[in-house]
Amino acid sequence: MASRAFGVINSASNFIRVEGLHDYRPIGAFSFLGRFRVIDFPISNMSNSGFERIQVCLNSRPRSIVEHIGSGRHYNINSKRGAIQMFFTQNNGASSIYNTDINAYLENIEQIERMPQEYVVIAPSYMIYKQDYEALLDAHIESGTDITLLYHKVDQAKEYYRGCNIVTLNKQKGVESLERNMGTAKERNISMDTYVMSKEIFIDLIKKSRKESSAYSLADMIALSCKELDVRGFQHKGFFAAITSLDDYYRANMELLDYSTSMEFFRPEWPIYTRTTDACPTQYVHGAKVVNSLVCNAGLIEGTVENSIIGRNVHIGKNTVVRNSIILAYNDIADGVYIENAVIDKWAQIRHVKKVVSGSVTPAYVKRNDRL
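Residues numbered from 1 in each chain as written. Predicted model: local features only at pLDDT ≥ 70, side-chain atom pairs only at ≥ 80, totals over all residues. Heavy atoms only, no water.

A. Geometry of the nonpolar core. Of all hydrophobic cores here, the largest spans 67 residues; its most connected members are Ile-54, Val-56, Ile-69, Ile-128 and Tyr-249. Take this core: its biggest share by element is 5 residues, from helix α8 (residues 246-255). Non-local contacts of Ile-54, meaning those with residues more than four positions away in its chain, are made with Gly-7, Ile-9, Ile-43, Met-46, Ser-47, Ile-77, Ala-83, Ile-84 and Gln-85. By size, the runner-up hydrophobic cluster in this structure holds 32 residues, among which are Ala-104, Val-175, Ala-219 and Met-221. (Core = buried A, V, L, I, M, F, W, Y, C linked by side-chain atoms within 4.5 Å. Buried < 20%, exposed > 50% of the residue type's maximum accessible area, 1.4 Å probe, protein only. Helix = DSSP H or I, 4+ residues; strand = E, 2+ residues; numbered from the N terminus. Contact = heavy atoms within 4.5 Å.)

Below, the structure written as structure tokens:
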């Protein structure tokens, strides 16, 4: 069934903002668990589901995504017929309200119209989850509905998922409305910005948006169409994270440090592909202590690391303690530093400041290339 659909990977809405990290790259390019990028998850879902044609929307700062995806061969896509295409937008700046996914589709409408597949699956580049899109496509075709929307039931909608849409369903799982989550209730059905529809309906929604508003996104168009089209919900189960804030990013990484959660999510039959970098193993000197952490290659650990994620080429100095933190690649943490509840961006050096701690739920953030 899956060969009847092509994949589209969407960019995050321009109102979603992740403090600090977003200044340098789109959410899809964020490092996740030290080894992956966030965009690896939707591409791997499509590859594992048998998709041979995947199109990636890029609406701002595309360099890091383009470098990471490259030819796309590391995603195990059919080497003869398969391809990953980039949808660039040229007309609007990163902060423009008109820089929407619809704008990217309109600029690349000829490529969409030429796709030989009958159906399309659209998935976001800022959410992390596993989903067999072949099973989702089967359910969509069997139901005879116009659009199938993937959603996830959550009980922390007050604290998290603030940039996401809430799905209101009727008893037949028909979608009655899509509205922004304002954090007014704990239990919500969160839209996963993942849709299945025919290519014909997809193109029709894109072209209709021109008449409605140049600032509308695909989610806005689907919300407007709930009364005219048959839009049904399909419930997702398992691990789900939406990276819409620094809190979300930190929490998603920390949740997967739990062994049982991680083992359930990362299964050999459903691999998550990524671009690999050859490097020597990390060195642990005498006196180093590492507990419940993920440590990438090419590092040097001389201090203590607890419940943390350490990226590639990171040095943790003697008598230094890193707790409940995410240290991205190429960081140098000097001797005698204490770091807790923090996100340290790439290429930073922490030498003179001996304490980086956040006392609140939101982690402390150290900027890329910073010298402390």
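Having seen the structure, we can now continue with the description.
B. Region of interest: the sheet that holds strand β22 (residues 326-327). Overall, parallel pairing links the 5 strands, which are arranged β16-β19-β22-β25-β28 in an open sheet. Taken across any chain shown, the strands that pair with only one partner, and hence form the sheet edges, are β16 (294-295) and β28 (364-366). Sheet analysis places β22 next to strand β25 (residues 342-344), joined by 2 bridges and oriented parallel. Bridge assignment links Ile-326 to a residue of β25, and that residue is Val-343. (Pairing = 2+ DSSP bridges.)

C. The pairing of strand β1 (residues 5-10), seen in detail. Most of β1 is tucked away, with 6 of its 6 residues classed as buried. Neither face of β1 is open: one carries Ala-5, Gly-7 and Ile-9, the other Phe-6, Val-8 and Asn-10, and all of them are buried. Pairing analysis gives 6 bridges linking β1 to strand β6 (residues 119-124), with the strands arranged parallel. Looking at β6, one finds that Gly-7 is bridged to Val-121. Here 3 bridges tie β1 to strand β4 (residues 53-58), and the two strands are oriented parallel to one another. What sits directly across from Gly-7, in β4, is Ile-54.

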